[in-house]
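# Structure assessment
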Amino acid sequence: QGHGMPCVYVRKLDRDIKHCWQTGMIATDFDSLTHHWATNGLNYYVLAQLLWDPSQDLEDIVQDYCRSGFGMGAAEVRRYFALCEELTDRLAANQVEEISAQEDLSTRPLTLTEKIPYYYTPPVLGAMAQALQAAADKTLPESRERRRVEFLQAGWNLPGGRRIFCACIRRSPPTAKSCGNMCRR
């Protein structure tokens, strides 16, 4: 249900899969591969690695993904993933006071799409963008590593557009002109 947003939950995957393995898991089915590779690729990689061998160390898996995929930009990509995971944890815990206040005034809880602008804020998106730009700067132009960083950047760019869209649909009533004006900002 992440709507393609950058979402990293590898520590939770590690904890849950290891618990299942230690308590006798003999088979599994993971039905949330939504093909959002630019925003969830690390989750998919960690999932495959842990299902193959649950005894692996999570940080070794993540470091291997970053080092193998992003070369000299690995540390900055790792920082980007850490920021994504912090954000994912906050979103999962519903840790924004503005949302609680908004929901108290509403007849229904806010949907995930309505909550996105409260989490994917300009400062959060800026920190993520800086980490990815630093990774790009450390890779060679036209290299595979640079193209992979650019792929992450393409996925990262979605929240900016999604945030504008979500802010627009909260208007009462939204108009094509008001949404167009927001998108041009």
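Residues numbered from 1 in each chain as written. Predicted model: local features only at pLDDT ≥ 70, side-chain atom pairs only at ≥ 80, totals over all residues. Heavy atoms only, no water.

## Overview of the packing of aromatic side chains
Selection rule: Any two rings among Phe, Tyr and Trp, with Trp reduced to its six-membered ring, count as a pair given centres within 6.5 Å; such a pair is stacked if its planes are under 30 degrees apart, edge-to-face if over 60, and tilted if neither. Runs of E in the DSSP output that reach at least two residues are strands. Runs of H or I that reach at least four are helices, and both are numbered from the N terminus.
Evaluation of the coordinates by the stated rule reveals 5 aromatic pairs. A centroid spacing of 6.0 Å and a plane angle of 55° characterise the contact between tyrosine 65 and phenylalanine 81, whose relative ring orientation is tilted. Pair noted here: tyrosine 65 is in helix 3 (residues 58-70) and phenylalanine 81 is in helix 4 (residues 74-93), with a separation of 16 residues, a long-range link. Here the aromatic residues Tyr45, Tyr65, Phe70, Tyr80 and Phe81 are joined through ring pairs into a cluster of three or more.

## Observations regarding the environment of alanine 135
Among the secondary structure elements, alanine 135 is positioned in helix 7 (residues 122-138). C-alpha separation for the pair alanine 135 and tyrosine 80, spaced 55 residues apart in sequence, amounts to 9.1 Å.

## Details of helix 3
The condition is simple: Helix span, expected: 1.5 Å multiplied by one less than the number of residues in the helix. Each residue's exposure class comes from its accessible area (1.4 Å probe, protein chains only) as a fraction of the maximum for that residue type: buried when under 20%, exposed when over 50%, partly exposed otherwise. What the arc measures is the spread of directions leading from the helix axis to the C-beta atoms. The definition of a polar contact used here is a pair of N or O atoms within 3.5 Å, where within protein one atom must be able to donate a hydrogen and the other to accept one, and adjacent residues in sequence count solely through side-chain atom pairs.
The terminal C-alpha atoms of helix 3, which comprises 13 residues, lie 18 Å apart, in line with the 18 Å expected from a rise of 1.5 Å per residue. Considered for burial, the residues of helix 3 that qualify are Leu58, Ile61, Val62, Tyr65, Cys66, Gly69 and Phe70. Projected down its long axis, helix 3 carries its buried residues within an arc of 130°, all on one side. One side-chain oxygen of the residue at the start of helix 3 lies 3.2 Å from the amide nitrogen of glutamate 59, identifying that residue as aspartate 57. Just beyond helix 3, the residue with positive phi is glycine 71, at close to 50°.

## Let's talk about the side chain of lysine 18
Let me state the cut-off plainly: Contact definition: two residues touch when any of their heavy atoms are within 4.5 Å.
Structurally, the position occupied by lysine 18 is in helix 1 (residues 10-22). A relative accessible area of 16% places lysine 18 in the buried class. Residues in contact with lysine 18, not counting those within four places in the same chain, are Leu50, Pro54, Ser55, Gln56, Asp57 and Leu58.

## Looking at the packing of helix 2 (residues 37-52) against helix 3
Rules: For helices, the axis comes from a line fit to the C-alpha atoms of the stretch in contact; other axes are also lines fit to C-alpha atoms, and the angle between any two N-to-C directions lies between 0 and 180 degrees. Reported orientations rely on four angle classes, namely roughly parallel under 35 degrees, roughly antiparallel over 145, roughly perpendicular from 65 to 115, and oblique for the rest. Each crossing is labelled by how the near helix is turned from the far one, with a counterclockwise turn of less than a right angle marking it left-handed and a clockwise turn marking it right-handed. In the scheme used here, Gly and all other residues not listed as nonpolar or charged are polar, with Ala, Val, Leu, Ile, Met, Phe, Trp, Tyr, Cys and Pro taken as nonpolar and Asp, Glu, Lys and Arg as charged.
Put simply, helix 2 and helix 3 touch, their axes get as near as 10 Å, and they point 130° apart. Between helix 2 and helix 3, the crossing angle belongs to the class labelled oblique. The handedness of the crossing between helix 2 and helix 3 is right-handed. Contacts from Gly41, Leu42, Tyr45, Val46, Gln49 and Leu50 of helix 2 reach helix 3 at Leu58, Ile61, Val62, Asp64 and Tyr65. Residue composition of the contact of helix 2 with helix 3, by class: 8 nonpolar, 2 polar and 1 charged.

## Topic: unusual backbone geometry
What you tend to see is this: most non-glycine residues have negative phi, and most peptide bonds are trans. Residue glutamate 142 is not a glycine yet carries a positive backbone phi of 70°. For glutamate 142, the location among the structural elements is in the loop between helix 7 and helix 8 (144-169).

## Focus: the nonpolar core
To keep things clear, this is the line we draw: The nonpolar core is taken to be a set of buried Ala, Val, Leu, Ile, Met, Phe, Trp, Tyr and Cys residues, with the residues joined through side-chain atoms within 4.5 Å.
Core analysis: the largest hydrophobic core is formed by 38 residues, its most contacted members being Leu42, Val46, Val77, Tyr80, Phe81 and Met128. Where this core is concerned, the elements lending two or more residues are helix 1, helix 2, helix 3, helix 4, helix 6 (112-119), helix 7 and helix 8. The element best represented in this core is helix 4, accounting for 7 residues. The residues touching valine 46, leaving out its near neighbours within four places in the chain, are Val10, Leu58, Ile61 and Val62.

## Quick word on the confidence of the model for the chain
The condition that has to hold: pLDDT runs from 0 to 100 and stands for how confident the predictor is about each residue.
Of all residues in the chain, 76% attain a pLDDT of 70 or more, and the chain-wide mean is 82. Averaged pLDDT values over the elements of the chain bottom out at 49 in helix 9 (residues 176-184) and peak at 98 in helix 3. This stretch, residues 171-176, has a pLDDT under 50; its non-local contacts, to residues over four places away or in other chains, come to 6 contacts.

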